[in-house]
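# Examination of the molecular architecture
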Amino acid sequence: MRTDGAVEGDKPDFRVVDDRPKLELNGEKITLLIRSALLDDATNISEKLGALQAEITVEDESDVWISDLAPLK
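Computed from a prediction, not measured in an experiment: that's the story for all the values here. Here the residue numbering is sequential within each chain, running from 1 through the sequence in written order. pLDDT decides what is reported in this predicted model: residues at 70 or higher carry local features, side-chain atom pairs at 80 or more are listed and counted, and totals for whole chains, interfaces and linings draw on all residues regardless. No hydrogens and no water enter the side-chain calculation; it runs on all heavy atoms of the structure.

## Re the overall build of the protein chain
- Numbering of helices and strands starts at the N terminus; helices are DSSP runs of H or I of at least 4 residues and strands are runs of E of at least 2. Helix and strand counts for the protein chain come out as two helices and two strands.
- Out of the 73 residues in the protein chain, the part that is buried amounts to 8%.
- Across the protein chain, every contact between residues at least 6 apart in sequence was considered, and the portion connecting residues at least 24 apart equals 25%.
- The Shrake-Rupley method, run with a 1.4 Å probe, gives the accessible areas here. Residue values count only the displayed protein chains as cover. If you sum the accessible surface of the protein chain, you get close to 6600 Å²; carbon and sulfur atoms cover 54% of it. Note on exposure labels: buried denotes an accessible area under 20% of the residue type's maximum, exposed denotes more than 50%, and partly exposed covers the range between, all computed with a 1.4 Å probe on protein chains only. Residues count as neighbours in contact if any of their non-hydrogen atoms are within 4.5 Å of one another.

Have a look at this one:
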């Protein structure tokens, strides 16, 4: 690939492009990812409901707290 300023006879100027997908997470995406993991791991309806109702808190986009709102009866 030649850059715009290349003239015929110049050596080509190459750039390396990292085309690998990047996972950019924010608090909302982390919450969704954790909730999805909880739902995927649930083995019965009570656990699935608990995963849906769990309070998930993300602090500084690195610490995650999961708390149960209330036990299901």
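## Things to note about the environment of asparagine 44
- Relative to the helices and strands, asparagine 44 is located in the loop between helix 1 (27–41) and helix 2 (45–53).
- The exposure class of asparagine 44 is partly exposed, given its relative accessible area of 36%.
- Polar contacts, as used here, are pairs of N or O atoms within 3.5 Å; protein pairs need one atom able to donate a hydrogen and one able to accept it. Residues neighboring in sequence count only if both atoms are side-chain atoms. For asparagine 44, the side chain forms a polar contact with the main-chain nitrogen of glutamate 47, separated by 2.9 Å.

## Description of the pattern of salt bridges
- When a carboxyl oxygen of Asp or Glu is within 4 Å of a side-chain nitrogen of Lys or Arg, the pair counts as a salt bridge. Counted by the stated rule, this structure contains two salt bridges.
- Here arginine 20 makes a salt bridge to aspartate 18, at a shortest N to O gap of 2.9 Å.
- The residue aspartate 18 makes a salt bridge to lysine 22 at a minimum N-O spacing of 3.7 Å.
- Lysine 22 sits in the exposed class, given a relative accessible area of 55%.
- One salt-bridge network, in which partners are shared between bridges, spans Asp18, Arg20 and Lys22.

## Some thoughts on the packing of helix 1 against helix 2
- Each axis is a line fitted through C-alpha atoms, and for a helix only the stretch in contact is used; angles between axes span 0 to 180 degrees, taken between their N-to-C directions. Running from N to C, helix 1 and helix 2 cross one another at 175°; their axes reach a closest spacing of 8 Å. As judged from the angle between their axes, helix 1 and helix 2 are roughly antiparallel. Mapping the contact onto sequence places Arg35, Leu38, Leu39 and Asp41 in helix 1 and Glu47, Lys48, Ala51, Leu52 and Gln53 in helix 2.
- The classification used treats Ala, Val, Leu, Ile, Met, Phe, Trp, Tyr, Cys and Pro as nonpolar, Asp, Glu, Lys and Arg as charged, and all other residues, Gly among them, as polar. Class assignment of the residues belonging to the contact of helix 1 with helix 2 gives a composition of four nonpolar, one polar and four charged. Reported orientations rely on four angle classes, namely roughly parallel under 35 degrees, roughly antiparallel over 145, roughly perpendicular from 65 to 115, and oblique for the rest.

## Quick word on a nonpolar patch on the surface
- Taken together, the side chains of Leu23, Leu25 and Leu33 present a nonpolar region at the surface, about 310 Å² in accessible area.
- By secondary structure assignment, the location of leucine 25 is in the segment before helix 1.
- You can call leucine 25 partly exposed: its relative accessible area is 35%. In this scheme, patches are assembled from residues that exceed 30% relative accessible area and form no salt bridge. Like charges are connected within 9 Å, while nonpolar side chains (Val, Leu, Ile, Met, Phe, Trp, Tyr) are connected within 5 Å.

## As for helix 1
- To estimate the expected span of a helix, subtract one from its residue number and multiply by 1.5 Å. Over its 15 residues, helix 1 extends 21 Å from the first C-alpha to the last, a length consistent with the 21 Å expected when each residue adds 1.5 Å.
- Its side-chain oxygen 3.1 Å from the backbone nitrogen of glutamate 28, asparagine 26 forms the N-cap of helix 1.

That is the geometry; function is a separate question.
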